[in-house]
Amino acid sequence: QVQLVESGGGLVQPGRSLRLSCAASGFSFSNYDMSWYRQAPGKERELVAAITSGGSTNISDSVKGRFTISRDNAKKAVYLQMNSLKPEDTAVYYCNVVRWGRNNWGQGTQVTVSS
């Protein structure tokens, strides 16, 4: 059974940084592409960043230059480093893996950027 557990969210001032973590279990982690999504109040869930099983990354234009995604296959974890945070980055952030054609989500972690 796929399990994804996000952590690292919180309240942070604009311009500061946060690092989100996603601990994965229940599947062969190193063989799968992983993604981070976010959903702000009243908005659709959007892709923020993705990393392939081989380590190639894709970052959304809205956060390019500020966010990076990485993974540690030994720890079965994927990370989202968020720098220079802005109020518009406020959202619930979700870890995602598509396995057997099915989306699997964690419970999400709230990130609030406010002074």
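Keep in mind it's a predicted model, so treat the numbers as computed, not measured. (Residues numbered from 1 in each chain as written. Predicted model: local features only at pLDDT ≥ 70, side-chain atom pairs only at ≥ 80, totals over all residues. Heavy atoms only, no water.)

Engineer: Summarise the nonpolar core; cite the residues concerned and give the values.
Structural biologist: Leu80 and Tyr93 are the most contacted members of the largest nonpolar core, which totals 30 residues. Elements represented by at least two residues in this core include exactly strand S3 (18–25), strand S4 (34–39), strand S5 (46–51), strand S7 (67–72), strand S8 (77–82), strand S9 (91–99) and strand S11 (109–113). Those residues within four positions of leucine 80 in sequence are excluded, and the remaining contacts are Leu18, Arg19, Leu20, Trp36, Val48, Ala49, Phe67, Thr68, Ile69 and Tyr93. (Core = buried A, V, L, I, M, F, W, Y, C linked by side-chain atoms within 4.5 Å. Buried < 20%, exposed > 50% of the residue type's maximum accessible area, 1.4 Å probe, protein only. Helix = DSSP H or I, 4+ residues; strand = E, 2+ residues; numbered from the N terminus. Contact = heavy atoms within 4.5 Å.)

Engineer: Can you lay out the pairing of S5 for me, pointing to particular residues and giving the numbers?
Structural biologist: In regular strands, side chains alternate between the two faces of the sheet. Both S4 and S5 contribute to a ladder of five bridges, which runs antiparallel. What sits directly across from tryptophan 36, in S5, is alanine 49. Linkage of S4 to S5, two consecutive antiparallel strands, is achieved through a turn of six residues, within which glycine 42 is found at a positive phi near 75°. Sheet analysis places S5 next to strand S6 (residues 57–59), joined by three bridges and oriented antiparallel. What sits directly across from alanine 50, in S6, is asparagine 58. A loop of five residues connects S5 with S6, the two strands running antiparallel in sequence, and glycine 55 in this loop sits at a positive phi of about 100°. (Pairing = 2+ DSSP bridges.)

Engineer: Explain the state of the cysteines to me, and be specific about the residues and the numbers.
Structural biologist: Following the criterion strictly, the structure yields one disulfide and no others. The partner cysteine of cysteine 22 in its disulfide is cysteine 95, sulfur to sulfur 2.2 Å. Residues cysteine 22 and cysteine 95 are joined through a disulfide that is left-handed, its torsion about the S-S bond being -85°. Of this pair, cysteine 22 sits in strand S3 while cysteine 95 sits in strand S9; the two residues are 73 residues apart in sequence, bridging distant segments of the chain. Exposure remark for cysteine 22: the relative accessible area of 1% places this residue in the buried category. The class for cysteine 95 is buried, based on a relative accessible area of 0%. (Disulfide = S-S within 2.5 Å.)

Engineer: Go over the sheet that holds S7 with me, naming the residues and quoting the values.
Structural biologist: Pairing in this open sheet of four strands is antiparallel, and the strands run S1-S3-S8-S7 from one edge to the other. Looking along the sheet, the strands with just one partner apiece sit at the ends: strand S1 (3–7) and S7. Taking each pair of neighbouring strands and ignoring which way they run, the sheet shows an average axis angle of 15°. Sheet topology places S1 next to S3; five bridges connect them, and they run antiparallel. Residue pairing for S3: glutamine 3 is matched across the bridge by serine 25. (Axes fitted to C-alpha atoms, helices over the stretch in contact; angles between N-to-C directions.)

Engineer: So what's going on with the pattern of salt bridges? Residues and values would help.
Structural biologist: Any two side chains of opposite charge can pair, on the condition that their charged atoms come close. As enumerated under the stated definition, the model contains four salt bridges in all. Note that glutamate 46 and arginine 38 form a salt bridge whose closest N and O atoms lie 2.7 Å from each other. Residue arginine 66 pairs with aspartate 89 through a salt bridge whose shortest N-O separation is 2.7 Å. In this pair, arginine 66 is assigned in the loop between S6 and S7 and aspartate 89 in the loop between S8 and S9, connecting sequence segments 23 residues apart. Of the two residues, arginine 66 and aspartate 89, neither departs from the other in class, the shared state being buried. (Salt bridge = Lys/Arg side-chain N within 4 Å of Asp/Glu carboxyl O.)

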